[in-house]
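The primary structure of each chain is shown beneath.
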Amino acid sequence: PARGRRGAYAFEQLLRFQNVSATVRMNVQRLRNGKLWVVAPVAPTGECLSLLKDIGEVEHLVLPVTALEHKAFFGPFQRQFPSASVWAAPGQYGPFGTLGFSPETSTLPFRVDGVLPRTKKDKQPPWSSEIETKTFYVDLPGNAGPV
């Protein structure tokens, strides 16, 4: 792809846990400045990192979900791009830590620079002039299962 051109990219990986397999997808958007906005990173394999490097420099990493299959790889992925800003959805829970409605509440094993906004009054991410972001947050009920 030509550098400097806008574009959207998707990377898929197959995950297999014993007899269960699933495909996970990471989406990438090239911003006006030519840098990349990466959403729901997958495992940072050599192949994945090489393909990503071919299309540009990672500027922002976003964890938009609470799903284990994305949280498991987020820390290792973030370590590959230490200068990228890190934003996550509120309501993170489970064995990888928690996150409320501000970065200061994070117990996640990676840096969190911002929490995805729920309203226009919340702190907006640096890409908000190009990509509108709003989190449709639903608090889990107490009987949602072990977390």
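See the structure shown above.
Residues numbered from 1 in each chain as written. Predicted model: local features only at pLDDT ≥ 70, side-chain atom pairs only at ≥ 80, totals over all residues. Heavy atoms only, no water.

A. The arrangement of the side chain of threonine 135 in detail. Note that threonine 135 resides in the segment after β6 (114-115). A relative accessible area of 15% places threonine 135 in the buried class. Excluding its chain neighbours within four sequence positions, the residues that come into contact with threonine 135 are Pro90, Leu116, Pro117 and Arg118. (Helix = DSSP H or I, 4+ residues; strand = E, 2+ residues; numbered from the N terminus. Buried < 20%, exposed > 50% of the residue type's maximum accessible area, 1.4 Å probe, protein only. Contact = heavy atoms within 4.5 Å.)

B. How the structure looks around the pairing of strand β4 (residues 58-63). β4 sits mainly inside the fold: five of its six residues count as buried. In the sheet, strand β3 (residues 36-39) pairs with β4 via four bridges, with the strands oriented parallel. Bridged to tryptophan 37 within β4 is histidine 60. Both β4 and strand β5 (residues 85-88) contribute to a ladder of four bridges, which runs parallel. Bridge pairing links leucine 61 to valine 86 in β5. (Pairing = 2+ DSSP bridges.)

C. The arrangement of the layout of surface pockets in detail. In this model, the largest pocket occupies a volume close to 260 Å³. Every residue lining the largest pocket is counted, 15 residues in all, and those nearest its centre are Thr66, Pro90, Gly91, Tyr137 and Val138. Grouping the amino acids of the lining of the largest pocket by side-chain chemistry returns nine nonpolar, four polar and two charged. (1 Å grid on protein atoms, 1.4 Å probe; cavity = no way out; pocket = protein on both sides within 12 Å on 5 of 7 lines; lining within 4 Å. Points joined across faces, edges and corners; volume = space filled by probe spheres on them. Nonpolar A, V, L, I, M, F, W, Y, C, P; charged D, E, K, R; others polar.)

D. View of the packing of aromatic side chains. Counted according to the given criterion, the structure contains four aromatic pairs. Taking 5.3 Å as the distance between ring centres and 35° as the angle between the ring planes, the aromatic pair formed by phenylalanine 77 and phenylalanine 81 counts as tilted. A residue is classified by how much of its surface remains accessible, and phenylalanine 77, at 0% relative accessible area, is buried. Site record: aromatic cluster; members linked through ring pairs are Trp37, Trp87 and Trp127. Sitting over the face of the ring of tyrosine 93, lysine 71 holds its NZ or CZ atom 5.1 Å from the ring centroid. (Phe/Tyr/Trp six-rings, centres within 6.5 Å; stacked < 30°, edge-to-face > 60°. Lys NZ or Arg CZ within 6 Å of the ring centre and 35° of its normal.)

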